[in-house]
Amino acid sequence: MAGYVLANASVATMTDGYGLEEDGALAVEDDLISWIGKRDELPHKYAKYRTENLEGRLITPALIDCHTHIVHGGDRAREFEMRLEGASYEAIARAGGGIVSTVSATREASEAALLDSALARVDHLIAEGVATIEIKSGYGLDIDTELRMLKTARAIAGMRDVRVRTSFLGAHAVPPEYKDRADAYIDEVCLPALEAAHAQGLADAVDGFCEGIAFSPDQIERVFKRARELGLPVKLHAEQLSDLGGAKLAARYGALSADHLEYLDAEGVAAMKAAGSVAVLLPGAFYTLREMQIPPIELFRDQGVGMAIATDCNPGSSPLTSLLLAMNMACTLFRMTPEEALAGATREAARALGLDDTGIIATGKKAELAIWDVAHPAELSYRIGYNPLYRRIVGDLS
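None of the values given here were measured: they were computed from a predicted structure.

Parameters and conventions
- Residues numbered from 1 in each chain as written.
- Predicted model: local features only at pLDDT ≥ 70, side-chain atom pairs only at ≥ 80, totals over all residues.
- Heavy atoms only, no water.
- Phe/Tyr/Trp six-rings, centres within 6.5 Å; stacked < 30°, edge-to-face > 60°.
- Buried < 20%, exposed > 50% of the residue type's maximum accessible area, 1.4 Å probe, protein only.
- Helix = DSSP H or I, 4+ residues; strand = E, 2+ residues; numbered from the N terminus.
- Lys NZ or Arg CZ within 6 Å of the ring centre and 35° of its normal.
- Pairing = 2+ DSSP bridges.
- Right-handed = clockwise from strand over helix to strand, strands pointing away.
- Axes fitted to C-alpha atoms, helices over the stretch in contact; angles between N-to-C directions.
- Contact = heavy atoms within 4.5 Å.
- Parallel < 35°, antiparallel > 145°, perpendicular 65-115°, else oblique.
- Left-handed = near helix turned anticlockwise from the far one by under 90°.
- Nonpolar A, V, L, I, M, F, W, Y, C, P; charged D, E, K, R; others polar.
- UniProt positions renumbered as here; feature names shortened; annotations may be inferred.
- Core = buried A, V, L, I, M, F, W, Y, C linked by side-chain atoms within 4.5 Å.

## So, the packing of aromatic side chains
Line of reasoning, step 1. With the rule as written, the count across this model stands at 5 aromatic pairs.
Line of reasoning, step 2. Aromatic side chains Y46 and Y49 sit 5.3 Å apart centroid to centroid with 85° between the ring planes, which places their arrangement in the edge-to-face category. Just as Y46 is buried, Y49 falls in that class too.
Line of reasoning, step 3. For the ring pair Y185 and F215, a centre distance of 6.0 Å and an interplane angle of 25° mean the geometry is stacked. Here the residue Y185 occupies a position in helix α6 (residues 182–199), and F215 occupies one in the loop between β9 (205–210) and α7 (217–230), the gap between them amounting to 30 residues.
Line of reasoning, step 4. Stacked on the ring of Y390, the Lys or Arg R57 has its end atom at 3.7 Å from the ring centre.

Spelled out as C-alpha coordinates, the structure:
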(Lines give C-alpha, C1' and ligand atoms only; values in the text may rest on other atoms or scores of the structure.)
Protein backbone atom coordinates (compact mmCIF):
# COMPACT_ATOMS: atom_id res chain seq x y z
CA MET A 1 0.00 0.00 0.00
CA ALA A 2 1.44 3.37 -1.03
CA GLY A 3 1.45 5.94 1.74
CA TYR A 4 3.26 8.80 3.44
CA VAL A 5 3.02 11.16 6.40
CA LEU A 6 3.28 14.95 6.51
CA ALA A 7 4.37 15.93 10.01
CA ASN A 8 5.32 18.94 12.11
CA ALA A 9 2.82 21.23 10.41
CA SER A 10 -0.20 23.38 11.09
CA VAL A 11 -3.14 21.81 9.29
CA ALA A 12 -6.05 24.02 8.21
CA THR A 13 -8.69 21.39 7.53
CA MET A 14 -11.33 23.98 6.50
CA THR A 15 -14.04 21.68 7.86
CA ASP A 16 -15.28 24.35 10.30
CA GLY A 17 -13.70 27.75 9.93
CA TYR A 18 -9.99 27.24 9.56
CA GLY A 19 -10.25 23.98 11.51
CA LEU A 20 -6.66 24.59 12.52
CA GLU A 21 -4.69 21.68 13.99
CA GLU A 22 -1.47 23.05 15.50
CA ASP A 23 1.63 20.84 15.69
CA GLY A 24 -0.26 18.43 13.49
CA ALA A 25 0.28 15.63 11.04
CA LEU A 26 -1.68 13.84 8.40
CA ALA A 27 -1.30 10.49 6.69
CA VAL A 28 -2.11 9.52 3.12
CA GLU A 29 -2.79 6.05 1.79
CA ASP A 30 -3.44 5.34 -1.88
CA ASP A 31 -3.88 9.05 -2.62
CA LEU A 32 -6.57 9.46 0.07
CA ILE A 33 -6.23 11.14 3.45
CA SER A 34 -6.39 8.41 6.08
CA TRP A 35 -5.58 10.22 9.35
CA ILE A 36 -5.29 13.77 10.75
CA GLY A 37 -4.36 14.83 14.25
CA LYS A 38 -1.65 15.91 16.65
CA ARG A 39 1.83 14.86 15.60
CA ASP A 40 2.50 13.05 18.87
CA GLU A 41 -0.74 11.06 18.48
CA LEU A 42 0.16 9.58 15.08
CA PRO A 43 -0.90 5.89 15.14
CA HIS A 44 1.92 3.32 15.23
CA LYS A 45 0.76 1.80 11.92
CA TYR A 46 2.25 4.81 10.12
CA ALA A 47 5.71 4.48 11.69
CA LYS A 48 7.13 2.77 8.60
CA TYR A 49 5.62 5.24 6.14
CA ARG A 50 7.77 7.79 4.42
CA THR A 51 7.60 10.92 6.58
CA GLU A 52 8.25 14.49 5.51
CA ASN A 53 9.01 17.01 8.25
CA LEU A 54 7.39 20.27 7.21
CA GLU A 55 9.13 22.33 9.92
CA GLY A 56 6.01 24.14 11.05
CA ARG A 57 4.64 25.04 7.61
CA LEU A 58 0.93 25.34 6.92
CA ILE A 59 -1.07 22.68 5.06
CA THR A 60 -4.39 23.60 3.45
CA PRO A 61 -6.56 21.91 0.88
CA ALA A 62 -5.24 22.63 -2.59
CA LEU A 63 -6.93 25.69 -4.05
CA ILE A 64 -9.84 25.47 -6.49
CA ASP A 65 -10.56 28.09 -9.15
CA CYS A 66 -14.26 27.48 -9.72
CA HIS A 67 -15.02 30.10 -12.42
CA THR A 68 -12.71 30.72 -15.39
CA HIS A 69 -12.83 31.43 -19.11
CA ILE A 70 -9.22 30.39 -19.44
CA VAL A 71 -9.55 28.96 -22.98
CA HIS A 72 -9.81 31.81 -25.46
CA GLY A 73 -8.11 33.50 -28.38
CA GLY A 74 -6.59 36.97 -28.43
CA ASP A 75 -6.71 39.70 -25.81
CA ARG A 76 -8.65 42.89 -25.17
CA ALA A 77 -5.94 45.27 -23.99
CA ARG A 78 -7.31 48.03 -26.22
CA GLU A 79 -10.68 47.79 -24.49
CA PHE A 80 -8.87 48.21 -21.19
CA GLU A 81 -7.58 51.50 -22.54
CA MET A 82 -11.05 52.47 -23.75
CA ARG A 83 -12.56 51.92 -20.31
CA LEU A 84 -9.85 54.09 -18.78
CA GLU A 85 -10.82 56.75 -21.31
CA GLY A 86 -14.39 56.65 -20.08
CA ALA A 87 -16.21 53.97 -22.11
CA SER A 88 -18.36 51.57 -20.05
CA TYR A 89 -18.21 47.80 -20.33
CA GLU A 90 -21.81 47.79 -21.56
CA ALA A 91 -21.17 50.50 -24.18
CA ILE A 92 -18.15 48.60 -25.52
CA ALA A 93 -20.19 45.41 -25.74
CA ARG A 94 -23.06 47.09 -27.57
CA ALA A 95 -20.59 48.60 -30.06
CA GLY A 96 -19.36 45.15 -31.06
CA GLY A 97 -16.51 44.81 -28.60
CA GLY A 98 -16.47 42.83 -25.41
CA ILE A 99 -17.28 39.15 -25.62
CA VAL A 100 -17.98 39.33 -29.36
CA SER A 101 -14.44 40.55 -30.11
CA THR A 102 -12.99 37.55 -28.30
CA VAL A 103 -15.36 35.32 -30.27
CA SER A 104 -13.68 36.40 -33.52
CA ALA A 105 -10.20 35.65 -32.16
CA THR A 106 -11.29 32.31 -30.73
CA ARG A 107 -12.99 31.17 -33.93
CA GLU A 108 -9.80 31.89 -35.85
CA ALA A 109 -7.57 29.98 -33.42
CA SER A 110 -6.73 26.32 -33.89
CA GLU A 111 -7.20 23.84 -31.08
CA ALA A 112 -3.41 23.69 -30.70
CA ALA A 113 -3.17 27.47 -30.41
CA LEU A 114 -5.99 27.59 -27.88
CA LEU A 115 -4.27 24.88 -25.85
CA ASP A 116 -0.87 26.57 -25.86
CA SER A 117 -2.22 29.92 -24.71
CA ALA A 118 -4.46 28.34 -22.06
CA LEU A 119 -1.63 26.26 -20.62
CA ALA A 120 0.41 29.39 -19.94
CA ARG A 121 -2.45 30.75 -17.84
CA VAL A 122 -3.07 27.38 -16.16
CA ASP A 123 0.58 27.20 -15.13
CA HIS A 124 0.23 30.47 -13.21
CA LEU A 125 -2.67 28.98 -11.23
CA ILE A 126 -0.88 25.69 -10.57
CA ALA A 127 2.13 27.64 -9.26
CA GLU A 128 -0.16 29.10 -6.58
CA GLY A 129 -1.37 25.73 -5.32
CA VAL A 130 -4.45 25.31 -7.52
CA ALA A 131 -5.36 21.67 -8.23
CA THR A 132 -8.86 22.07 -9.74
CA ILE A 133 -9.94 24.53 -12.42
CA GLU A 134 -13.38 25.08 -13.91
CA ILE A 135 -13.22 26.10 -17.58
CA LYS A 136 -16.13 27.46 -19.62
CA SER A 137 -16.83 27.59 -23.31
CA GLY A 138 -18.74 30.63 -24.59
CA TYR A 139 -16.27 32.33 -26.93
CA GLY A 140 -17.24 30.23 -29.94
CA LEU A 141 -20.95 30.91 -30.25
CA ASP A 142 -21.08 28.44 -33.11
CA ILE A 143 -21.29 24.69 -32.74
CA ASP A 144 -17.81 23.80 -33.98
CA THR A 145 -15.92 26.39 -31.91
CA GLU A 146 -17.89 25.72 -28.73
CA LEU A 147 -16.96 22.05 -29.01
CA ARG A 148 -13.35 22.93 -29.84
CA MET A 149 -13.11 25.02 -26.67
CA LEU A 150 -14.46 22.19 -24.53
CA LYS A 151 -12.10 19.67 -26.15
CA THR A 152 -9.22 22.03 -25.40
CA ALA A 153 -10.32 22.25 -21.78
CA ARG A 154 -10.41 18.45 -21.53
CA ALA A 155 -6.93 18.28 -23.11
CA ILE A 156 -5.49 20.51 -20.38
CA ALA A 157 -6.10 17.77 -17.81
CA GLY A 158 -3.99 15.44 -19.93
CA MET A 159 -1.15 17.96 -20.19
CA ARG A 160 -1.01 19.09 -16.57
CA ASP A 161 -1.56 17.44 -13.19
CA VAL A 162 -4.78 19.35 -12.54
CA ARG A 163 -8.44 18.44 -12.39
CA VAL A 164 -10.60 20.23 -14.97
CA ARG A 165 -14.37 20.70 -14.76
CA THR A 166 -16.02 22.02 -17.89
CA SER A 167 -19.10 24.22 -18.23
CA PHE A 168 -20.98 24.67 -21.50
CA LEU A 169 -21.61 28.42 -21.86
CA GLY A 170 -23.25 28.66 -25.25
CA ALA A 171 -25.67 31.26 -23.84
CA HIS A 172 -22.87 33.77 -23.25
CA ALA A 173 -23.60 36.41 -25.89
CA VAL A 174 -25.46 36.79 -29.17
CA PRO A 175 -22.98 36.56 -32.08
CA PRO A 176 -23.05 39.21 -34.81
CA GLU A 177 -24.68 36.92 -37.34
CA TYR A 178 -27.67 36.60 -34.99
CA LYS A 179 -27.92 40.27 -34.04
CA ASP A 180 -31.45 40.99 -32.73
CA ARG A 181 -32.31 37.29 -33.14
CA ALA A 182 -31.38 35.85 -29.76
CA ASP A 183 -34.20 33.30 -29.77
CA ALA A 184 -33.09 31.98 -33.14
CA TYR A 185 -29.54 31.69 -31.82
CA ILE A 186 -30.77 29.61 -28.87
CA ASP A 187 -32.72 27.33 -31.23
CA GLU A 188 -30.20 26.97 -34.02
CA VAL A 189 -26.84 27.09 -32.24
CA CYS A 190 -26.93 27.00 -28.45
CA LEU A 191 -29.22 24.02 -27.89
CA PRO A 192 -27.73 21.88 -30.69
CA ALA A 193 -24.21 22.67 -29.40
CA LEU A 194 -25.28 21.69 -25.89
CA GLU A 195 -26.66 18.40 -27.14
CA ALA A 196 -23.48 17.69 -29.08
CA ALA A 197 -21.29 18.56 -26.09
CA HIS A 198 -23.29 16.23 -23.90
CA ALA A 199 -23.19 13.41 -26.46
CA GLN A 200 -19.40 13.72 -26.66
CA GLY A 201 -18.96 13.85 -22.88
CA LEU A 202 -17.49 17.34 -22.98
CA ALA A 203 -19.72 19.18 -20.49
CA ASP A 204 -19.87 18.71 -16.72
CA ALA A 205 -22.34 21.58 -16.23
CA VAL A 206 -24.32 24.21 -18.15
CA ASP A 207 -23.89 27.95 -17.63
CA GLY A 208 -25.40 31.13 -19.07
CA PHE A 209 -25.19 34.93 -18.89
CA CYS A 210 -28.48 36.46 -17.76
CA GLU A 211 -28.11 40.19 -18.38
CA GLY A 212 -29.44 43.00 -20.54
CA ILE A 213 -26.45 42.71 -22.89
CA ALA A 214 -26.82 38.93 -23.10
CA PHE A 215 -29.92 36.75 -22.51
CA SER A 216 -33.23 37.20 -20.73
CA PRO A 217 -34.43 34.89 -17.96
CA ASP A 218 -36.91 33.28 -20.39
CA GLN A 219 -34.15 32.51 -22.86
CA ILE A 220 -31.87 31.13 -20.16
CA GLU A 221 -34.69 28.97 -18.86
CA ARG A 222 -34.97 27.26 -22.23
CA VAL A 223 -31.32 26.28 -21.94
CA PHE A 224 -31.79 25.12 -18.35
CA LYS A 225 -34.76 22.97 -19.28
CA ARG A 226 -32.67 21.15 -21.87
CA ALA A 227 -29.82 20.78 -19.38
CA ARG A 228 -32.23 19.20 -16.90
CA GLU A 229 -33.45 16.77 -19.58
CA LEU A 230 -29.84 15.80 -20.25
CA GLY A 231 -29.11 15.37 -16.55
CA LEU A 232 -26.56 18.19 -16.39
CA PRO A 233 -26.34 20.59 -13.41
CA VAL A 234 -26.60 24.32 -14.04
CA LYS A 235 -24.94 27.52 -12.87
CA LEU A 236 -25.42 31.12 -13.98
CA HIS A 237 -23.74 34.50 -14.44
CA ALA A 238 -26.38 36.61 -12.72
CA GLU A 239 -27.00 40.11 -11.37
CA GLN A 240 -23.60 41.45 -12.43
CA LEU A 241 -24.82 44.69 -14.01
CA SER A 242 -28.52 44.74 -13.06
CA ASP A 243 -31.13 42.60 -11.30
CA LEU A 244 -33.11 40.50 -13.79
CA GLY A 245 -33.91 37.75 -11.31
CA GLY A 246 -31.33 35.39 -12.75
CA ALA A 247 -30.26 33.95 -9.40
CA LYS A 248 -33.86 33.14 -8.51
CA LEU A 249 -34.24 31.37 -11.86
CA ALA A 250 -31.05 29.42 -11.26
CA ALA A 251 -32.23 28.48 -7.77
CA ARG A 252 -35.46 27.05 -9.20
CA TYR A 253 -33.30 24.66 -11.19
CA GLY A 254 -31.20 23.71 -8.17
CA ALA A 255 -28.14 25.52 -9.51
CA LEU A 256 -24.73 24.61 -8.18
CA SER A 257 -23.96 28.32 -8.10
CA ALA A 258 -24.89 31.78 -9.18
CA ASP A 259 -21.91 34.01 -9.98
CA HIS A 260 -21.05 37.74 -9.79
CA LEU A 261 -24.24 38.84 -7.91
CA GLU A 262 -23.41 42.50 -7.27
CA TYR A 263 -27.07 43.52 -7.80
CA LEU A 264 -28.68 40.54 -6.07
CA ASP A 265 -31.59 41.41 -3.74
CA ALA A 266 -32.73 39.78 -0.50
CA GLU A 267 -35.32 37.64 -2.29
CA GLY A 268 -32.61 36.27 -4.55
CA VAL A 269 -30.37 35.47 -1.58
CA ALA A 270 -33.22 33.60 0.12
CA ALA A 271 -33.86 31.61 -3.07
CA MET A 272 -30.19 30.63 -3.25
CA LYS A 273 -30.24 29.54 0.39
CA ALA A 274 -33.32 27.37 -0.17
CA ALA A 275 -31.70 25.74 -3.21
CA GLY A 276 -28.30 25.26 -1.58
CA SER A 277 -26.64 27.26 -4.36
CA VAL A 278 -23.20 28.75 -3.74
CA ALA A 279 -22.54 32.45 -4.36
CA VAL A 280 -19.39 32.64 -6.50
CA LEU A 281 -17.88 36.10 -6.04
CA LEU A 282 -15.54 37.51 -8.67
CA PRO A 283 -13.59 40.49 -7.34
CA GLY A 284 -11.28 40.56 -10.36
CA ALA A 285 -14.14 41.64 -12.63
CA PHE A 286 -15.41 44.09 -10.00
CA TYR A 287 -11.92 45.63 -9.83
CA THR A 288 -11.26 45.70 -13.58
CA LEU A 289 -14.61 47.26 -14.42
CA ARG A 290 -14.30 49.70 -11.49
CA GLU A 291 -17.73 48.74 -10.20
CA MET A 292 -19.12 50.40 -7.11
CA GLN A 293 -21.87 48.09 -5.82
CA ILE A 294 -20.49 45.12 -3.92
CA PRO A 295 -22.32 41.79 -3.60
CA PRO A 296 -24.66 41.49 -0.57
CA ILE A 297 -22.05 39.91 1.70
CA GLU A 298 -23.98 40.52 4.93
CA LEU A 299 -27.10 38.92 3.48
CA PHE A 300 -25.09 35.87 2.44
CA ARG A 301 -23.69 35.62 5.97
CA ASP A 302 -27.08 36.11 7.61
CA GLN A 303 -28.75 33.52 5.37
CA GLY A 304 -25.86 31.06 5.55
CA VAL A 305 -25.22 31.09 1.78
CA GLY A 306 -21.77 29.73 1.02
CA MET A 307 -19.42 32.18 -0.69
CA ALA A 308 -16.79 30.96 -3.15
CA ILE A 309 -14.00 33.05 -4.67
CA ALA A 310 -12.67 32.66 -8.22
CA THR A 311 -10.46 34.52 -10.68
CA ASP A 312 -13.03 34.74 -13.52
CA CYS A 313 -9.91 34.60 -15.70
CA ASN A 314 -10.98 36.06 -19.05
CA PRO A 315 -9.49 38.47 -21.59
CA GLY A 316 -11.94 41.31 -21.04
CA SER A 317 -13.30 41.94 -17.58
CA SER A 318 -10.86 39.93 -15.44
CA PRO A 319 -7.47 39.12 -17.01
CA LEU A 320 -6.45 37.61 -13.68
CA THR A 321 -4.45 34.42 -13.18
CA SER A 322 -3.84 34.69 -9.43
CA LEU A 323 -6.34 33.11 -7.07
CA LEU A 324 -4.32 34.42 -4.13
CA LEU A 325 -4.83 37.95 -5.41
CA ALA A 326 -8.54 37.25 -5.89
CA MET A 327 -8.65 36.23 -2.21
CA ASN A 328 -6.97 39.48 -1.19
CA MET A 329 -9.38 41.45 -3.37
CA ALA A 330 -12.34 39.68 -1.78
CA CYS A 331 -11.12 40.88 1.61
CA THR A 332 -10.18 44.43 0.66
CA LEU A 333 -12.99 45.17 -1.81
CA PHE A 334 -15.85 43.04 -0.45
CA ARG A 335 -14.83 43.07 3.24
CA MET A 336 -14.76 39.29 3.49
CA THR A 337 -12.61 37.83 6.24
CA PRO A 338 -9.41 35.91 5.40
CA GLU A 339 -11.12 32.81 6.77
CA GLU A 340 -14.06 33.30 4.39
CA ALA A 341 -11.68 33.92 1.50
CA LEU A 342 -9.73 30.71 2.10
CA ALA A 343 -12.94 28.75 2.50
CA GLY A 344 -14.11 30.39 -0.72
CA ALA A 345 -11.10 29.07 -2.62
CA THR A 346 -11.34 25.57 -1.12
CA ARG A 347 -14.48 24.20 0.57
CA GLU A 348 -17.07 26.49 -1.02
CA ALA A 349 -15.38 26.36 -4.43
CA ALA A 350 -15.67 22.57 -4.33
CA ARG A 351 -19.38 22.88 -3.53
CA ALA A 352 -19.81 25.29 -6.44
CA LEU A 353 -18.52 22.57 -8.74
CA GLY A 354 -20.49 19.75 -7.16
CA LEU A 355 -17.32 18.06 -5.88
CA ASP A 356 -17.48 16.16 -2.59
CA ASP A 357 -14.03 14.53 -2.59
CA THR A 358 -11.91 17.65 -2.21
CA GLY A 359 -11.95 21.17 -0.77
CA ILE A 360 -11.39 20.10 2.84
CA ILE A 361 -8.83 17.98 4.68
CA ALA A 362 -10.71 15.02 6.11
CA THR A 363 -10.34 11.26 6.14
CA GLY A 364 -11.46 9.71 2.89
CA LYS A 365 -10.92 12.88 0.85
CA LYS A 366 -8.42 13.09 -1.99
CA ALA A 367 -4.90 14.11 -1.04
CA GLU A 368 -5.02 17.40 -2.93
CA LEU A 369 -2.99 19.68 -0.69
CA ALA A 370 -1.03 22.91 -0.64
CA ILE A 371 1.88 23.52 1.70
CA TRP A 372 2.72 27.13 2.46
CA ASP A 373 5.64 29.02 3.98
CA VAL A 374 3.37 31.00 6.31
CA ALA A 375 2.71 31.02 10.03
CA HIS A 376 -1.07 31.50 9.85
CA PRO A 377 -3.76 30.99 7.17
CA ALA A 378 -4.65 34.72 7.20
CA GLU A 379 -1.34 35.42 5.46
CA LEU A 380 -2.66 33.84 2.27
CA SER A 381 -5.13 36.72 1.85
CA TYR A 382 -3.00 39.38 3.52
CA ARG A 383 -0.04 39.58 1.16
CA ILE A 384 -0.26 41.23 -2.27
CA GLY A 385 1.71 39.93 -5.24
CA TYR A 386 3.52 37.34 -3.12
CA ASN A 387 3.34 33.59 -3.56
CA PRO A 388 4.29 31.64 -0.41
CA LEU A 389 3.62 28.18 -1.89
CA TYR A 390 6.19 25.64 -0.71
CA ARG A 391 4.69 22.60 -2.43
CA ARG A 392 1.52 21.44 -4.12
CA ILE A 393 0.57 17.78 -3.67
CA VAL A 394 -1.88 15.93 -5.88
CA GLY A 395 -1.93 12.34 -4.70
CA ASP A 396 1.59 11.05 -4.08
CA LEU A 397 4.85 12.77 -3.17
CA SER A 398 6.74 11.98 -6.38
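That shown, we press on.
## Description of unusual backbone geometry
Line of reasoning, step 1. A positive phi angle, near 55°, is found at L141, a position not held by glycine.
Line of reasoning, step 2. With respect to the helices and strands, L141 occurs in the loop between β7 (130–136) and α5 (143–159).
Line of reasoning, step 3. The buried category is assigned to L141, whose relative accessible area is 0%.
Line of reasoning, step 4. In this structure, D180 takes a positive phi of about 65° despite not being glycine.
Line of reasoning, step 5. Looking at where D180 falls in the secondary structure, it is placed in the loop between β8 (163–171) and α6.
Line of reasoning, step 6. The class of D180 is exposed, set by a relative accessible area of 71%.

## Quick look at the pairing of strand β11 (residues 257–260)
Line of reasoning, step 1. With 4 bridges connecting them, strand β10 (residues 235–238) and β11 associate as parallel partners. Counted as the bridge partner of A238 is H260 from β11.
Line of reasoning, step 2. Viewed along the sheet, the connection from β10 through helix α8 (residues 246–252) into β11 turns out right-handed.
Line of reasoning, step 3. Here 3 bridges tie β11 to strand β12 (residues 278–281), and the two strands are oriented parallel to one another. Paired with S257 across the strands is V278, a residue of β12.
Line of reasoning, step 4. Crossover β11 to β12 through helix α9 (residues 266–275) is right-handed.

## A short note on the sheet that holds β7
Line of reasoning, step 1. Pairing in this open sheet of 8 strands is parallel, and the strands run β6-β7-β8-β9-β10-β11-β12-β13 from one edge to the other. Lying at the two open borders of the sheet, with one neighbouring strand each, are β6 (63–65) and β13 (307–309). Averaged over all pairs of adjacent strands, the angle between their axes in this sheet comes to 25°, without regard to strand direction.
Line of reasoning, step 2. Sheet topology note: the β7/β8 ladder contains 5 bridges and is parallel. Note on β8: the bridge partner recorded for T132 is R163.
Line of reasoning, step 3. Packing of α7 onto the sheet brings it into contact with β8, β9 and β10, and relative to β9 it is tilted by some 175°.

## Considerations on the packing of helix α4 (residues 111–126) against α5
Line of reasoning, step 1. Packing of α4 against α5 brings their axes to within 9 Å, and their N-to-C directions diverge by 50°. Here α4 lies oblique to α5, going by the angle between them. In the packing of α4 onto α5, the handedness of the crossing is right-handed. Here E111, L114, L115, A118, L119 and V122 of α4 lie close against α5, whose contacting residues are R148, K151, T152, A155, I156 and M159.
Line of reasoning, step 2. Classifying every residue of the contact of α4 with α5 gives 8 nonpolar, 1 polar and 3 charged.

## Some thoughts on the pairing of strand β3 (residues 32–38)
Line of reasoning, step 1. Sheet topology places strand β2 (residues 20–29) next to β3; 6 bridges connect them, and they run antiparallel. Note that in β3 the partner of A25 across the bridge is G37.
Line of reasoning, step 2. Turn length for the β2-β3 hairpin, with the two strands adjacent in sequence and antiparallel, is 2 residues, and the turn residue D30 shows positive phi of about 50°.

## Quick look at the UniProt feature "binding site: N-formimidoyl-L-glutamate" (unreviewed entry) in the protein
Line of reasoning, step 1. Under the present numbering, the feature "binding site: N-formimidoyl-L-glutamate" (unreviewed entry) in UniProt falls on Y139, N314 and G316. Taking the farthest pair of C-alpha atoms as the criterion, the annotated set spanning 178 residues converges on one region, since that pair is 11.6 Å apart.
Line of reasoning, step 2. For Y139, the location among the structural elements is in the loop between β7 and α5.
Line of reasoning, step 3. According to the relative accessible area criterion, Y139 is buried, its value standing at 1%.
Line of reasoning, step 4. A residue is classified by how much of its surface remains accessible, and N314, at 4% relative accessible area, is buried.

## A short note on the nonpolar core
Line of reasoning, step 1. One finds L63, I156, F168, L261, L281 and F300 to be the most contacted residues of the largest nonpolar core, which totals 102 residues.
Line of reasoning, step 2. The dominant element in this core, judged by the number of residues it contributes, is α6, at 10 residues.
Line of reasoning, step 3. Beyond its immediate stretch of four places on either side in the chain, L281 contacts H260, P295, I297, F300, M307, A308, I309, A310, F334 and M336.
Line of reasoning, step 4. Y4, V11, I33 and I371 belong to the second-largest nonpolar core, a separate cluster that totals 15 residues.

## So, the UniProt feature "binding site: Zn(2+)" (unreviewed entry) in the protein
Line of reasoning, step 1. Cross-referencing UniProt, the feature "binding site: Zn(2+)" (unreviewed entry) maps to H67, H69, H237 and D312 in the present numbering. The greatest C-alpha distance among the residues just named is 12.3 Å, despite their covering 246 residues of sequence, which places them together in space.
Line of reasoning, step 2. As for its placement among the helices and strands, H67 is situated in the loop between β6 and α1 (77–84).
Line of reasoning, step 3. The contacts of H67, once residues within four sequence positions are left out, are E134, K136, H237, D259, V280, L282, A310, T311, D312 and C313.
Line of reasoning, step 4. For D312, the position within the fold is in the loop between β13 and α12 (323–334).
Line of reasoning, step 5. By relative accessible area, which is 2% here, D312 ends up buried.
Line of reasoning, step 6. In this structure, D312 is in contact with H67, T68, H69, H260, L282, A285, S317 and S318, ignoring residues within four places of it in sequence.

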